[in-house]
Structure formats: structure tokens, C-alpha cells
Amino acid sequence: MNLDDAVTTESMEFGHLVIDFDERVLRPRPWTAMQSRWAAELVANAPDGKVLELCSGAGHIGLLAIALEPRALVCVDLNPAACSFTRSNAARAGLTVEVRQGDLAEALALDIPARRHGGSTDDDESVTAELMRARQEIVDAGGEDTVQLSDGSTLASDLVVAAMGAVPATGWLEGSGLSLDDGVVCDQTLKTSAPGVYAAGDVARWSNPTYGTTMRLEHWTNAAEQGALAARNAINPAEATSYSSVPFFWSDWGDTRIQFVGLPDADAVEVVDGDPEGAEFLALYRRGDHVGGALSVNKPRPVMRIRTLIAQRARWSVALEYAQSLSAKSLS
Ligand SMILES: Cc1cc2nc3c(=O)[nH]c(=O)nc-3n(C[C@H](O)[C@H](O)[C@H](O)COP(=O)(O)OP(=O)(O)OC[C@H]3O[C@@H](n4cnc5c(N)ncnc54)[C@H](O)[C@@H]3O)c2cc1C
């Protein structure tokens, strides 16, 4: 199928589905099939109702979720090409989808209540309240348990998840001579394209020797480590050293400490200790035959060791062995 002669339609396997897309929509990332699996697990225990996927692109994540756990699916996207692909991808898979093309505020009907999954604790409530306030600033929410959308309609919600994203503020650097590409482009030593100018933190897109590729991170640890090194290199460029790093962040949500090391692009994610339904667990991310990342919830001890394993490009079996030793300890 080709929706437009000017662009080439590509296909990829996404879980057991085949998904068509082209350059007008976000390229499906194979590892996000995990999100479909997680969604399917949630849907299995969720109250009756439709599954709603916002900004759905080619529809792959929602379609795979309902292929695994049958439910009515509503996909919303502003982009007509994305909506066409969602319809054709659903038809190919023999799935039924209601596609709503348009701005979220207009396309989102009030017959789809947002529901929170799982139990309620004081922490859940305060997190919810914070999120509600954030939403309020953006679209003028109407109360503690009601979100007012930009079209004036209201939506009863137990939980609002606001994924805001971030964009590097480099507009003021345009025309300065610095090379810009989703951030300020730097070499391995954080030196920019202008002599004597170094960059660090969220804004720096640098060449990370650990991965042999450029990246830009939005984590405190990265900003602090890069700031220190960029300053040292600027003072003594003759002995400048590379910033070689495995990404790491942590975030405290009430009593829950979430930590992530490495990159989330993965061929598989395996829970190796604890239980995602409980208060603590550790999951490893496999990339090829290596460990590429780890997610820890209230299990801080192994995180730095796994960061080292990732930096050493340790084999998956080595990381698993380490994780099993932890698991054995927590059982004994
Ligand atoms: C809501 C939120 C939650 C976060 N939670 C976590 C977390 O839990 N864990 C984690 O590791 N990271 C977290 N982060 C990311 C973390 O805050 C950033 O990675 C870190 O602050 C980056 O530091 P920085 O110095 O590079 O940039 P910033 O802290 O953004 O500092 C840049 C400064 O430059 C100023 N500035 C920008 N343009 C100009 C200009 N033209 N002239 C003058 N000043 C300018 C800005 O106002 C700002 O003060 C979070 C970020 C946000 C927004």
C-alpha cells in the first residue's frame, strides 16, 4: 500500500503484527512492543470500557495491545497519514479500531473515563494532586477530580498522566557559529564547533564513546558530571579527556525510588528480582547478547554494579548471573 506516491511505505514486524508506516509518521520502535504487552496486562484487569490511545501514530502500540487482550480501541492523532495507517494496519490484522483524527481536545469524547489502575495510597493521591495542578496550568483544570480541557469540556479523572517532553532552548544560539542539532553538537570532550567553547547538561549533544554515537541526556547526574569535565577541559584543553558515560537517573515518588541505568532500547525486558506488582523489583534490559539497561524500583543496591557491567559491555548471561545471585540472597 502506498498512501502517497511521494513517499515510500515501509513495513516492520511489531510483535506478531505487521505495521506499515512512512516518513510522515513516527517510525515504530520495536522495543515499544513491551508497552503493548504491559498495556495488555493492565487491560486484562481493568474495568469495562474502551482502550484509548492518544497521539497514536501508525497505531502499532494500541493495536498490538488489543490483539493480545481483545478490547474496543480508540486511536486519536492529528496527522491524517497516521490515521490512515492506523486504519489499514488494523484492517490487515483483522482488528477493529475507531480512529479519531483531530486535536486531542476536540477528538476526545467524554464517554471515555480515565481510570487509575491498582490500589490507592496517600502517595498516589499526592502524586495525582501534583499532576492535576500541572494540568491546570496548561488547560485550566476545573477541580481536584475534574480536568477541564481546552475546549471547555470536563473529564472526570482519578489519574492524569501529563507527558510534556522537553526541547533544548538553542534558538538564541542560531547564527552564533555553534553547530546545532537537537542541542549543541560537541565532540567526545564536550567541545563545541567554536574554539574554546564547551557545553554540558541537557543542551549538549555529545559523542559518547561508550556507545560510539551522539546522544543528549536530560538527567541530573549527566549534567553534574559533564559540567565538571567541561570546565576541566576548557581550562586545560591540551589534556582534555572524553566524557564516556552510561546514562543514569533516579526519581523519588513518595517512598518509591525509581532508578534507571543504560538505555531503554531493548530486545527484551526481564524481571530478575522482586515483583512489579509489589513494592520493589529489578528488571534487566537485553540488547542483542548484552545487558543494555536496568530498571530498579526500591532496589538501589545493584544499580551501580549494573552500570559498570553495561560500561564493560558485559554479556547478558553475566548480568543474569549477577541478578540471580541477588535474587538468591533476597530469598535466603
Ligand atoms: C519536571 C522535571 C523533573 C525532573 N526530574 C528528574 C529526576 O527525577 N531525575 C533526574 O536525573 N533528572 C530529572 N530532571 C532533569 C534534570 O532536571 C535536568 O537534567 C537538569 O536540571 C539539567 O541541568 P542543566 O544545567 O543542563 O539545565 P537546567 O537545569 O535546565 O539549567 C539551564 C538554565 O539555563 C537557563 N537558560 C536557558 N536559556 C538561557 C538563556 N538564553 N540565557 C540565560 N539563561 C538561560 C534556564 O533558565 C535554566 O536555569 C527533571 C526535569 C524536569 C523538568
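Residues numbered from 1 in each chain as written. Predicted model: local features only at pLDDT ≥ 70, side-chain atom pairs only at ≥ 80, totals over all residues.

### Digging into the confidence of the model for the protein
On average, the protein scores 82 in pLDDT, and the residues at 70 or more come to 78%. Highest mean pLDDT in the protein belongs to strand β8 (residues 184-185) (97); lowest belongs to helix α5 (residues 122-139) (41). Here residues 109-143 is a poorly scored stretch, pLDDT under 50, and it has 51 contacts once near neighbours within four places are set aside; other chains count. (pLDDT = per-residue confidence, 0-100. Helix = DSSP H or I, 4+ residues; strand = E, 2+ residues; numbered from the N terminus. Contact = placed C-beta atoms within 7 Å.)

### Brief notes about helix α6 (residues 220-235)
Given a rise of 1.5 Å per residue, 16 residues ought to cover 22 Å, and the 23 Å separating the end C-alpha atoms of α6 matches this to within 8%. Check the buried side of α6 and you find it contacts β9 (204-208). (Expected span 1.5 Å × (residues − 1).)

### Some details on the site of the ligand
Taken together, the residues surrounding the ligand are Ala169, Trp172, Gly201, Asp202, Glu218, His219, Trp220, Thr221, Ala223, Phe249, Trp250 and Ser251. Elements with a minimum of two residues in the shell around the ligand: α6 and β11 (248-253). For the shell around the ligand, a count of residues per class yields six nonpolar, four polar and two charged. Two domains share the shell around the ligand, each providing at least three of its residues, namely domain 2 (178-239) and domain 3 (248-331). (Near = placed C-beta within 6 Å. Nonpolar A, V, L, I, M, F, W, Y, C, P; charged D, E, K, R; others polar. Domains from an automatic or database assignment.)

### What to know about helix α2 (residues 60-68)
Along α2, seven of the nine residues are buried, which leaves the element largely enclosed by surrounding structure. What α2 keeps buried is the set His60, Ile61, Gly62, Leu63, Leu64, Ala65 and Ile66. (Buried ≥ 20, exposed ≤ 12 C-beta atoms within 10 Å, placed from the backbone.)

### Looking at the nonpolar core
Note on soluble globular proteins: their nonpolar side chains tend to be buried together. Judged by nonpolar contacts, the single largest core of 24 residues is most densely connected at Leu17, Ala58, Leu63, Leu64, Ala65 and Leu73. Those elements that place two or more of their residues in this core are β2 (17-21), α1 (33-45), α2, β4 (73-77) and α3 (80-93). With near-sequence residues (within four places) excluded, Ala65 lies in contact with Ser36, Ala39, Ala40, Val43 and Val51. In terms of nonpolar packing, the next biggest core, distinct from the first, is built from 19 residues, Leu295, Val297, Ile310 and Ala319 among them. (Core = buried A, V, L, I, M, F, W, Y, C linked by C-beta atoms within 7 Å.)

### Brief notes about the sheet that holds β9
Strand order in the open sheet formed by three strands is β8-β9-β10, with mixed pairing between adjacent strands. What marks the edges here is a single partner per strand, and that holds for β8 and β10 (213-215). Note: β8 against β9, two bridges, orientation parallel. Looking at the pairing, Val184 lines up with Ala204 of β9. (Pairing = 2+ DSSP bridges.)

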